[in-house]
Amino acid sequence: MTTEFILNNKTIRTSLSPGMSLLDFIRYEQYLSGTKIGCREGDCGACTILIGEPVNGGMRYKSMTSCVTPLGNARNKHVVTIEGVNFDERLNPVQQAMVDNGGTQCGFCTVGFVVSFVGYCLTAEKPDVEGAVSAIDGNICRCTGYKSIERAAADITVMLEGKDLENPIPWLTEAGFLPEYFNGIADRLRKMEQPKKPVNGRVVVGGGTDLYVQRHDDMLEEEIALIFDRQELNSIHMKGNSVVMGASATATDMMESDIMKGIFPNLYAHMKLISSTPIRNMGTVGGNIVNASPIGDLTAWLLALGTVITLKAPDGNTRSMPLKDFFLDYKVLNKKEDEIVHSFSFPIPDKDMRFNFEKVCKRTYLDIASVNSAVQMKVEDGIITHFCMSAGGVGPTPRILPETAAFLIGKQPGTALLTEAADIIASEISPISDVRGSSDYKRLLLRQLFFAHFLELFPELINPKELV
Ligand SMILES: Cc1cc2nc3c(=O)[nH]c(=O)nc-3n(C[C@H](O)[C@H](O)[C@H](O)COP(=O)(O)OP(=O)(O)OC[C@H]3O[C@@H](n4cnc5c(N)ncnc54)[C@H](O)[C@@H]3O)c2cc1C
Ligand code: FES
Ligand code: FES
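None of these values were measured; they are calculated from a predicted model.

(A) Representation of the overall build of the protein. Along the protein, the regular secondary structure elements total 19 helices and 18 strands. Taking 23 Å as the expected radius of gyration for a compact globule of 468 residues, we find that the protein reaches 23 Å, a close match to that expectation. For the protein, with 468 residues in total, the buried portion stands at 45%. A fraction of 65% describes how many contacts in the protein between residues 6 or more apart in sequence connect residues 24 or more apart.

In structure tokens, the structure reads:
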């Protein structure tokens, strides 16, 4: 297969394996050494690039970590490395802001920060310091202590005042943030030959954020099926009384979906607890489910919503089941090898239904949970009428807690009831001791998260002091 895309200002046509990491292609095939190799696990941000594609007459750019991005996912897109935003005669204003504020010391992380900030300049709708700092949540710096980089973020925000939101690229080229060639990229991409058939193979690749961490060395040789850009797998839409989400929708797609924003008032805050901006731009819901990690965050979300999963066989036949029945044992799924996850659907909650997500990890951001949990519940006339709570990290599979739900439904929430219910939760879980904490610690965490759900959703019904 030929992969065609634009790398900075250069059109690339390559028949190298679509499973090669984009980082290796950029550094070892194109000799662009500005993009650094740090962790090779999507964690440090030293290899951050931007990937853009034409959307609604303009371009939409997202930051991604190239170490866990398959080359094939660049097809028909614009890949931007640090070299693509450099100017010969002067620094880019983002680079200048980093220099002016002492935001760089050894410099190893700096390219990643600069590329993430340029991504922010391209996408920010209401530039502010909080948003600019958020854009670098996937970049780690060992030297500066971040304060100088935050000051650079503040300077960049000021420089973006007056940005033309309708036509950001002409404005940014005029203001000297981007080289002139950016103005012609959308047209060049539209003229590019569209893929004639999907890339099919043995190993299904979504965003690659699990596969390239776990099996980086094999991916070059693997026969892969690229599904990240398959249109029928990408949409989030309503169908009848349900929300349907394609398996290749990303965490960012969920965050940006008007449907999801309408249903989940705390969507942004909850999603910010999951990985980092570049990983949310890449990691798909299907990948999170099939990875079958007991602590997958999107898995915990979907379980609490009473989600149904639909699988598709190569002959086009589909079958569906409650997501809770998809997880059979540790990393054992109710899925045939050649089936792909097609979509998820969950009932549109009525206005009285409330949802909450909690996650405890060693770091607040950019960390995998020790224990996570989501809940959907309803209290009507003081009585619990619906309760579905998921629990991750407390057994071989992510799961829901049916016995606890059966105990709570039909009762009036109060401190005594919750304390009793917490004992039932303890009997429904079987955590093991590992690097994320001892078994006892995880039991305690889930108990606290259970209380946290009620305190967050129905603070008027519970006295926190009595729960301590
Ligand atoms: C730095 C970093 C931080 C992370 N932080 C978090 C976090 O906070 N919370 C969290 O839950 N996860 C986290 N992850 C894990 C990962 O990002 C998520 O699990 C993500 O949703 C995986 O999706 P993907 O598309 O990248 O999966 P991929 O790597 O593409 O695929 C994962 C597995 O799923 C299979 N697969 C993918 N899509 C399908 C499909 N449609 N049908 C059948 N099989 C499929 C693949 O074959 C593979 O076995 C993190 C990862 C990294 C690298
Ligand atoms: S090398 Fe660390 S995120 Fe890619
Ligand atoms: S400047 Fe050295 S790691 Fe950031």
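There's plenty left to go through after this.
(B) Focus on the site of ligand 1. Looking at ligand 1, there are 33 residues lining it, with G42, G206, G283, G286 and G287 nearest. Of all the secondary-structure elements, those providing two or more residues to the shell around ligand 1 are β6 (203-205), α8 (211-214), α13 (277-282), α14 (285-291), α15 (297-304) and β14 (340-347). Here the element with the most residues in the shell around ligand 1 is α14; it accounts for five residues. By residue class, the composition of the shell around ligand 1 is 16 nonpolar, 13 polar and four charged. Looking at which domains feed residues into the shell around ligand 1, each of domain 1 (3-85 + 184-224) and domain 3 (229-347) supplies at least three.

(C) Broad picture of the sheet that holds β14. In space, the five strands of this open sheet follow the order β8-β9-β14-β10-β11, with antiparallel pairing throughout. Bordering the open sheet on either side are β8 (236-239) and β11 (318-322), each of which pairs with just one other strand. Averaged over all neighbouring strand pairs, the angle between strand axes comes to 25°, with direction disregarded. As paired strands, strand β10 (residues 308-312) and β11 are joined by five bridges and run antiparallel to one another. Counted as the bridge partner of I309 is M321 from β11.

(D) Spotlight on the sheet that holds strand β18 (residues 399-400). One open sheet accounts for four strands, arranged β15-β16-β17-β18; its pairing is antiparallel. Looking at the sheet topology across the chains shown, the edges are occupied by β15 (354-360) and β18. Where strand β17 (residues 383-391) lies against β18, two bridges are found, and the strand directions are antiparallel. Paired with A391 across the two strands is R399, which belongs to β18. Packed onto the sheet, α15 meets β15, β16 (371-380), β17 and β18 and runs at close to 20° relative to β16. Along the sheet, helix α18 (residues 439-457) makes contact with β15, β16 and β17, crossing β15 at roughly 145°.

(E) Structural detail: the domain arrangement of the protein. Here the protein is partitioned into domain 1 (3-85 + 184-224), domain 2 (93-178), domain 3 (229-347) and domain 4 (370-467). Once you take the C-alpha centre of each, domain 2 and domain 4 turn out to be 41 Å apart.

(F) The nonpolar core, seen in detail. Among the nonpolar cores identified, the biggest contains 118 residues, and F117, V118 and C121 are the most heavily contacted of them. The biggest single contributor to this core is helix α3 (residues 110-123), with nine residues. The contact partners of F117, leaving out residues within four places of it in the chain, are V94, A132, A135, I136 and I156.

(G) Up close: helix α2 (residues 93-100). Buried within α2 we find P93, V94, Q95, A97 and M98. Note on α2: the residue one or two positions beyond its end, G102, has a positive phi of about 65°.

(H) Here's a closer look at the packing of α2 against α3. α3 packs onto α2 with a crossing angle of 125° between their chain directions and a minimal axis gap of 9 Å. Taken as axis vectors, α2 and α3 run oblique relative to one another. Classified by chirality, the crossing of α3 by α2 is right-handed. Side by side, α2 and α3 meet where V94, Q95 and M98 of the first sit next to T110, F113, V114, F117, V118 and C121 of the second. Here the contact of α2 with α3 is built from residues that sort into seven nonpolar, two polar and no charged.

(I) Structural detail: the environment of L449. Structurally, the position occupied by L449 is in helix α18. Judged by the 24 C-beta atoms lying within 10 Å of it, L449 falls in the buried class.

(J) Inspection of helix α1 (residues 22-29) at higher detail. Buried within α1 are the following residues: L22, L23, F25 and I26. Summarising the contacts, the buried residues of α1 are in contact with β3 (48-55) and β5 (78-80). Following α1 by one or two positions, Y31 has its phi on the positive side, about 60°.

So, how was this worked out
Residues numbered from 1 in each chain as written. Chains lettered and ligands numbered in written order. Predicted model: local features only at pLDDT ≥ 70, side-chain atom pairs only at ≥ 80, totals over all residues. Helix = DSSP H or I, 4+ residues; strand = E, 2+ residues; numbered from the N terminus. Rg over C-alpha atoms; globule rule 2.2 N^0.38 Å. Buried ≥ 20, exposed ≤ 12 C-beta atoms within 10 Å, placed from the backbone. Contact = placed C-beta atoms within 7 Å. Near = placed C-beta within 6 Å. Nonpolar A, V, L, I, M, F, W, Y, C, P; charged D, E, K, R; others polar. Domains from an automatic or database assignment. Pairing = 2+ DSSP bridges. Axes fitted to C-alpha atoms, helices over the stretch in contact; angles between N-to-C directions. Core = buried A, V, L, I, M, F, W, Y, C linked by C-beta atoms within 7 Å. Parallel < 35°, antiparallel > 145°, perpendicular 65-115°, else oblique. Left-handed = near helix turned anticlockwise from the far one by under 90°.

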